[in-house]
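Topology and contacts: notes
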Amino acid sequence: MPLSSRHLLGIEGMPIGDIELILSTARSFSEIATRPIKKVPTLRGRSIINLFYEASTRTRSSFEIAAKRLSADILNFSVSTSSVGKGETLVDTARNLESMSPEIIVLRHQAAGAPWLLAETCRECSIVNAGDGMHEHPTQALLDAYTILERKGSIRDLKVAIVGDISHSRVARSNTYLLTKMGARVWICGPPTLIPLEFGQLGAAVTFHLEEALADADVVMMLRTQRERQNEVFFPSVREYFRLFGLSRERMRATREDAIIMHPGPINRGVEIDPDVADGDHSVILNQVTNGLAVRMAVLYLLLGAGEEES
Ligand code: NCD
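What comes next concerns the included structure. (Residues numbered from 1 in each chain as written. Predicted model: local features only at pLDDT ≥ 70, side-chain atom pairs only at ≥ 80, totals over all residues. Heavy atoms only, no water.)

The terminal C-alpha atoms of helix H2 (residues 58-69), which comprises 12 residues, lie 16 Å apart, in line with the 16 Å expected from a rise of 1.5 Å per residue. Among the residues of H2, those classed as buried are Thr59, Ser62, Phe63, Glu64, Ala66, Ala67 and Arg69. The inward-facing, buried residues of H2 contact strand E1 (47-52), strand E2 (73-78), strand E3 (104-109), strand E4 (126-132), helix H5 (138-152) and helix H11 (285-303). (Helix = DSSP H or I, 4+ residues; strand = E, 2+ residues; numbered from the N terminus. Expected span 1.5 Å × (residues − 1). Buried < 20%, exposed > 50% of the residue type's maximum accessible area, 1.4 Å probe, protein only. Contact = heavy atoms within 4.5 Å.)

Set out below in structure tokens:
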């Protein structure tokens, strides 16, 4: 098998060789999107199930389109109209789906660790983590790394500021693991109430002052304040949040001139990012979405062992 694991669960334990293989495979797949017929027969006859217990716009459609571009069959399992509402557990749901012989289950779940549980339960198929609670979102970090590499050529020594609601963000955690592995200088920034202490131990610098995070930054990654995961008040008001941590054109002056602005989406305009910046010249937010397709094609392809004969 070209990857070291049958599953893609998180970036934390992933060897750098796997990360590099996914990124280089994605690079070769990106060209397919420019063809008049955006489809190759590579995964014909293979089945994939999208099992999403949480809302998603980009990730779910990205996995679906990626699978279709590789000619795999993909089922979008609809949790809201399934027997989950009748009390069926995640494990039972997955066992039943596995009995229909899919090769991959792509799981998004509100509980941290859910994909690891399925990886232990499902003997036959591969599990891809599409976001587990506040824990990891590996394909997002991979597509973010791809986007940075596309713009900057290398990740080593870049200053990357990750700003916003760090506590509730699986994107911040997966990116911190990945970018520090690849030699970036990661700065974590947000209100003290929204930064877990552990981030200092992951090799990132932590600051509560946006100016310090933005100073000479090469990459700025803005994050949404995840209201749906917050059951207490972490900051006084949206207006105050934007004043202290929102990214405006004026604030951008502190960054390097060629800095890029990233956001995993969904963006909340006027809360963490000014619309001018989100839509401005430095923004690569929609490029991230485009690159997500190539990265997910690479992940599906490599997990199915399709690269074996070439390696
Ligand atoms: C993120 C997620 O769901 O973790 N979005 C995404 O997958 N692109 C971030 C978020 O919800 O804010």
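With that settled, consider the layout of surface pockets. In this structure, the largest pocket encloses a volume near 410 Å³. Lining the largest pocket are 21 residues, with Arg108, Arg170, Arg224, Gly265 and Pro266 sitting closest to its centre. Elements with a minimum of two residues in the lining of the largest pocket: H2 and helix H6 (170-181). Its residues placed into classes, the lining of the largest pocket shows 5 nonpolar, 9 polar and 7 charged. (1 Å grid on protein atoms, 1.4 Å probe; cavity = no way out; pocket = protein on both sides within 12 Å on 5 of 7 lines; lining within 4 Å. Points joined across faces, edges and corners; volume = space filled by probe spheres on them. Nonpolar A, V, L, I, M, F, W, Y, C, P; charged D, E, K, R; others polar.)

This next bit is on empty space enclosed by the protein. What the rule picks out here adds up to 1 cavity of 30 Å³ or more. The computed volume of the largest cavity comes to approximately 80 Å³. In terms of lining, the largest cavity is formed by Arg58, Ser62, Gln140, Leu143, His263, Pro264, Gly265, Ile285, Gln288, Val289, Gly292 and Arg296. With 5 residues, H11 is the largest single contributor of residues to the lining of the largest cavity. Across the lining of the largest cavity, the residue classes tally to 4 nonpolar, 6 polar and 2 charged.

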